[in-house]
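# Observations on chain architecture
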Amino acid sequence: MSAAKLEFLREGREDTMLETDQTHAFERYKVKIDSGRIERRVRLNNGLKHLFSLSTVFALVVLAILLYRIGVQSAGWLDLQFLTSNLSRFADKAGIYGAILGTVYLMLIVVPVTLILGVSTAIYLEEYAAKGRIQRFIKVNISNLASVPSVIFGLLGLAVFGRMLNLGSSILAGGLTMSLLVLPTVVVASQEAIKAVPGFLREASYGMGADKWTTIRKVVLPVALPGILTGSILAMSRAIGETAPLVVLGIPTLILKIPDSVMDDFTALPIQIYYWTLDTVLTPEYANLAAATIVVLLAVLFILNSVAIIIRNKFQKRF
Amino acid sequence: MNIQNPEIENNVFDVRGLNLWYGNDQALKNINMQIEKNKITAIIGPSGCGKSTFIKTLNRMIENVPIVRTTGEILYHGNDIFDKSMRVEELRTKVGMVFQKPNPFPKSIFENVVYGPKIHGIKDKKLLMEIAEASLKSAALWDEVKDRLNDNAYGLSGGQQQRLCIARCIAVQPDVILMDEPTSALDPIATLKVEELMDSLKQEYTIAIVTHSMQQAARISDKTAFFLMGDLIEYDKTEAIFSNPRDKRTEDYITGRFG
Ligand SMILES: Nc1ncnc2c1ncn2[C@@H]1O[C@H](COP(=O)(O)OP(=O)(O)O)[C@@H](O)[C@H]1O
Ligand SMILES: [Mg+2]
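Every chain is numbered on its own, with residues counted from 1 as its sequence reads. Working convention: letters from A go to chains and numbers from 1 go to ligands, in the order in which they are written. Residue-level local features of this predicted model are given only where pLDDT is at least 70; pairs of side-chain atoms are given and counted only at 80 or more, and the full residue set underlies all totals for whole chains, interfaces and linings. Side-chain metrics in this entry use all non-hydrogen atoms of the structure; hydrogen atoms and water are not considered.

Below, the discussion takes up the domain arrangement of chain A. All names here are of chain A. For chain A, the assigned domains are domain 1 (19-74) and domain 2 (80-314). What marks off one domain from the next here is an automatic or database domain assignment. Just the C-alpha atoms count here: the centres of domain 1 and domain 2 sit 38 Å apart. The criterion used for residue contact is that any of the two residues' heavy atoms lie within 4.5 Å. Facing four residues of domain 1, the contacting portion of domain 2 comprises seven residues. Accessible surface is computed with a 1.4 Å probe, and the buried area is the amount of it that two parts give up when combined, taken over both parts together. At the boundary of domain 1 with domain 2, total buried surface from both sides reaches about 430 Å², with 74% on carbon and sulfur atoms. Considering only the surface of domain 1 that becomes buried against domain 2, Ile 70, Gln 73 and Ser 74 emerge as the three largest contributors, covering 89% of it.

So, about the confidence of the model for chain A. Residues and elements named next belong to chain A. Confidence per residue, as judged by the predictor, is encoded in pLDDT with a range of 0 to 100. Averaged over chain A, the pLDDT score is 87; the fraction of residues at 70 or greater is 90%. Scored below 50 in pLDDT, residues 1-6 makes six contacts in the model with residues more than four places away or belonging to other chains. This stretch, residues 8-19, has a pLDDT under 50; its non-local contacts, to residues over four places away or in other chains, come to five contacts.

A separate point is the side chain of Glu234(B). Residues and elements named next belong to chain B. Secondary structure counts use DSSP, requiring at least four H or I residues in a row for a helix and at least two E residues in a row for a strand, with both numbered from the N terminus. Residue placement: Glu 234 occurs in strand S10 (residues 231-237). Residue classification places Glu 234 among the buried positions, given a relative accessible area of 4%. The term polar contact refers here to a pair of N or O atoms within 3.5 Å; inside protein, the definition further demands a hydrogen-donor-capable atom paired with an acceptor-capable atom, and it admits residues adjacent in sequence only when both atoms are side-chain atoms. Polar side-chain contacts of Glu 234 include one of 3.0 Å to the backbone nitrogen of Asp 247. If we skip the residues at most four places from it in the chain, Glu 234 touches Thr 224, Ala 225, Phe 226, Ile 241, Pro 245, Arg 246, Asp 247 and Thr 250. For every residue, the accessible area obtained with a 1.4 Å probe (protein chains only) is divided by the maximum for its type, and the residue is called buried under 20%, exposed over 50%, and partly exposed between those limits.

All right, on to the interface of chain A and chain B then. How big an interface is tends to be reported as the loss of accessible area on association of its parts. Counting residues at the interface gives 23 residues for chain A and 31 residues for chain B. In this assembly, chain A packs against chain B so that about 2,200 Å² is buried in total across both faces, 68% of it on carbon and sulfur atoms. Salt bridges are counted wherever a side-chain nitrogen of Lys or Arg sits within 4 Å of a carboxyl oxygen of Asp or Glu. If you look at where chain A meets chain B, you find one salt bridge. If you look at where chain A meets chain B, you find four residue pairs in polar contact (both at pLDDT 80 or more). At the level of elements, helix H1 (3-27), helix H8 (199-207) and helix H9 (212-241) of chain A are the ones that each hand at least two residues to the side of chain A that touches chain B. Among the elements that take part in the side of chain A that touches chain B, H8(A) stands out by supplying seven residues, more than any other. For this scheme, ten residues count as nonpolar: Ala, Val, Leu, Ile, Met, Phe, Trp, Tyr, Cys and Pro. Four count as charged, namely Asp, Glu, Lys and Arg, and the remainder, Gly too, count as polar. For the side of chain A that touches chain B, the class distribution of residues is 11 nonpolar, six polar and six charged.

All names here are of chain A. Expected helix span is given by 1.5 Å per residue-to-residue step, counting one fewer step than there are residues. Helix length check: helix H2 (residues 35-74) (40 residues) gives 59 Å between terminal C-alpha atoms against 58 Å at 1.5 Å per residue, within 8%. Between the side-chain oxygen of the N-cap and the backbone nitrogen of Gly 36 there are 3.3 Å, and the N-cap of H2 in question is Asp 34. Positioned one or two residues after H2, Gly 76 has a phi angle of 90°, which is positive.

Working note: α-helix, 3.6 residues per turn, so residues spaced by three or four point in the same direction. Residues and elements named next belong to chain A. The first and last C-alpha atoms of H9 sit only 38 Å apart over 30 residues, clearly below the 44 Å expected at 1.5 Å per residue. The largest bend along H9 measures about 50° and falls at Leu 221, with the proline Pro 222 one to four residues further on. One side-chain oxygen of the residue at the start of H9 lies 3.3 Å from the amide nitrogen of Trp 213, identifying that residue as Asp 211. In this scheme, the bend at a residue equals the angle between the axes fitted to the seven residues that finish there and the seven that begin there.

Any two side chains of opposite charge can pair, given that their charged atoms come close. Enumeration over the complete set of coordinates arrives at 22 salt bridges over all chains. A salt bridge links Glu126(A) to Lys139(A); the shortest N-O distance between them is 2.9 Å. With Glu126(A) in helix H4 (residues 97-128) and Lys139(A) in helix H5 (residues 133-146), the pair connects residues that are 13 residues apart, well separated along the chain. Ionic pairing is found between Glu192(A) and Lys195(A), a salt bridge with its closest N-O pair at 3.8 Å. Linking Glu192(A) with Lys195(A), this pair stays in helix H7 (residues 171-195), spanning three residues, or about one helical turn. Assessed through its relative accessible area of 46%, Lys195(A) is described here as partly exposed. Overlapping salt bridges bring together Asp14(B), Arg16(B) and Glu73(B) as one network.

A few words now on the site of ligand 1. Residues and elements named next belong to chain B. We call a residue near a given molecule or strand whenever any one of its heavy atoms falls within 4 Å of it. With respect to spatial proximity, the complete set of residues near ligand 1 consists of Tyr 22, Ala 27, Pro 46, Ser 47, Gly 48, Cys 49, Gly 50, Lys 51, Ser 52, Thr 53 and Val 65. Contact distances for ligand 1 include 3.4 Å between a nitrogen atom and a side-chain N or O atom of Tyr 22. Gly 48 is positioned with one of its backbone polar atoms (N or O) 2.7 Å from an oxygen atom of ligand 1. Per-residue accessibility takes into account occlusion by the displayed protein chains alone, with areas from the Shrake-Rupley method and a 1.4 Å probe. In isolation ligand 1 offers 560 Å² of accessible surface; the protein chains occlude 58% of this area.

Here the focus is the environment of Ile171(A). Residues and elements named next belong to chain A. With respect to the element layout, Ile 171 can be found in helix H7. Judged by its relative accessible area of 0%, Ile 171 falls in the buried class. Residues Ile 171 and Glu 127, 44 residues apart in the sequence, show an inter-C-alpha distance of 34 Å. Here Ile 171 is in contact with Tyr 105, Leu 106, Ile 109, Pro 259, Ser 261, Val 262, Asp 264 and Phe 266, once residues within four sequence places are set aside.

Residues and elements named next belong to chain B. Taken in spatial order, the six strands of this open sheet run S6-S7-S8-S3-S9-S10, and their pairing is mixed. Each end of this open sheet is capped by a strand with a single partner; those strands are strand S6 (95-98) and S10. When strand polarity is set aside, the average angle formed by the axes of neighbouring strands in this sheet is 15°. Note: strand S3 (residues 40-44) against strand S9 (residues 223-228), four bridges, orientation parallel. Across the sheet, the residue bridging to Ala 42 is Thr 224, located in S9. Contacts between helix H2 (residues 51-58) and the sheet are confined to S3, S6, strand S7 (176-180), strand S8 (206-210) and S9, with S7 contributing the most and set at about 155° to the helix. A pair of strands is labelled paired if DSSP reports no fewer than 2 bridges between them. To obtain an axis, a line is fitted to C-alpha atoms, over the contacting stretch when the element is a helix, and the angle between two such axes runs from 0 to 180 degrees between their N-to-C directions.

What follows covers the packing of helix H8 (residues 158-170) of chain B against helix H9 (residues 188-201) of chain B. Between two packed helices, what matters for the description is the angle formed by their axes and the separation of those axes. Residue and element names in this part refer to chain B. Where H8 contacts H9, the axes come no closer than 9 Å and their chain directions differ by 20°. Judged on the interaxial angle alone, H9 and H8 are roughly parallel. Seen from above, H8 lies across H9 with right-handed handedness. Contacts from Gly 159, Arg 163, Ile 166 and Ile 170 of H8 reach H9 at Ala 190, Lys 193, Val 194, Leu 197 and Leu 201. Class assignment for the residues of the contact of H8 with H9 results in six nonpolar, one polar and two charged. Roughly parallel here means an angle under 35 degrees, roughly antiparallel means over 145, roughly perpendicular means 65 to 115, and every remaining angle is called oblique. By convention the crossing between two helices is left-handed if the near helix lies anticlockwise of the far one by an angle smaller than a right angle, and right-handed if it lies clockwise.

All names here are of chain B. Of all 12 residues making up strand S1 (residues 11-22), nine are buried, and the element is well covered by its neighbours. Inspection of the sheet shows S1 paired to strand S2 (residues 25-36) by eight bridges, in the antiparallel sense. Bridging across to S2, Leu 18 finds its partner in Ile 31. Counting the residues that bridge the hairpin from S1 to S2 gives two residues, and of these Gly 23 lies at a positive phi of roughly 60°. Taken together, the eight bridges between S1 and strand S4 (residues 68-76) define a ladder with antiparallel strand orientation.

Here we take up the packing of H9(A) against helix H12 (residues 286-314) of chain A. All names here are of chain A. At a minimum axis distance of 8 Å, the contact between H9 and H12 shows a crossing angle of 170°. Our classification of the angle between H9 and H12 gives roughly antiparallel. Across the interface between the two elements, Pro 226, Leu 229, Thr 230, Ile 233, Leu 234, Ser 237 and Ile 240 from H9 touch Leu 297, Val 300, Leu 301, Leu 304, Asn 305, Val 307, Ala 308, Ile 311 and Arg 312 from H12. Residue composition of the contact of H9 with H12, by class: 12 nonpolar, three polar and one charged.

Next up, the structure:
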């Protein structure tokens, strides 16, 4: 008999041995119904159910109190005049037009910078980099960067963009700092989206003589796009809400001039909230202005998150 | 190229002393085999014997597995496919592939078929439409989809998806079509359709098909190769393999004694 055939026979025998072992195990015990035990488990389950729902209620109550207070404080202050006026020392004349513009300018830098750098990095790491220790080391560290506190990115921005490149506390410095802050999140989200593209789609493309870049551009990226967008939008909403890096950069307290180039100083929505809150001791109405600004900021974030959810649902798993 | 033996002219592939390893595990052992023009060559053998590995080596798709190492040569019309001057993109344009699981792109039926022509530089809309129609007709799918070319390919049945993949492959105008168990995910009726299709395709193309079904090999192929644990045990005309196998192991396999 040939070696090959022997090998087959041997494999076959091992299979049957496994089966007999299992039969023995089944014979060695019997499942008995223990009513007391089942009763206890059912009661434990019910108890836990209430505990879990209580936790949810707690979070909802805190959120409701927050929203209620902000709502009450901003009532009467949030109007068209507030949205379209610039800063003023007089609370009833002050508005957040400059802060809105500042946030928009900030995003005009953050969005292209992070998307281009982030998606390129993800493509490199997932598609081109040789799989190995170095690639894994880089990936782990990018994930780690995503959880570094924003103050530290602020300090980095201050040192590199503010001081070294002499950009001061301009829109450009703020935008680049914010880009650094959210870049790891965009990279990780894009990596996940690219990794989720099934290999059989790439194979189909390679099988027709497509090169790697063509395959990435025509197959991988279109399929990964919803995932990349969802992750990126969530990252952007973080950039819009972050305060600490801008504080560290030294965004000035009072800007009465509307910025008209990226080299100008600026203020942004979260910064405005921060400074108005600080100054409530002197001018109590500033608390109302801060509350009104929070409503605007929350509305923007709410819209962004909704868009992300809509994209995610619309393009949910097709494979 | 100098061709002494007229038979060589008929060989699309000439595999010489091919060995292949996944890391340290040898999956193909000294394979010598010719694949003839305008014939259907079936590759049979028990699961894990290296059928997919072999067929994916013919268009170098196997190189997508980073740990793969090969020795020996595979001549495609006389040119070694492992030669440095051979671009895999060129090889795969001439040697198309249909996979085990239908793998259309999540795009419209039309966009699926014209993917290949488009990436190879054809832009003319009218020409692309003609290519799509001709390819879908060759794949016996045209009548079923002609009214919904812009619908997503994922709305098709499994059998239709597989024929779409064959149409997509044909649209590149390959010379050889490699098929790795193309009907194993299909129901019997869809399988029959794909088999009929293969028979009509061999007028124009050379087909190599991996199948785990001996009946399928017997029904459709001109030549059959029997693999066992990385060895090519026997390779002959299909009638000869099934009626009069020379090797005891081939006989055991086709009579269902193992595998
Ligand atoms: N990507 C891989 N990495 C390592 N070993 C593999 C890989 N693919 C296949 N093999 C091994 O190579 C052998 C042949 O596999 P394969 O060509 O898929 O067989 P078949 O298609 O005949 O079922 C098997 O022993 C399998 O475990
Ligand atoms: Mg296989």
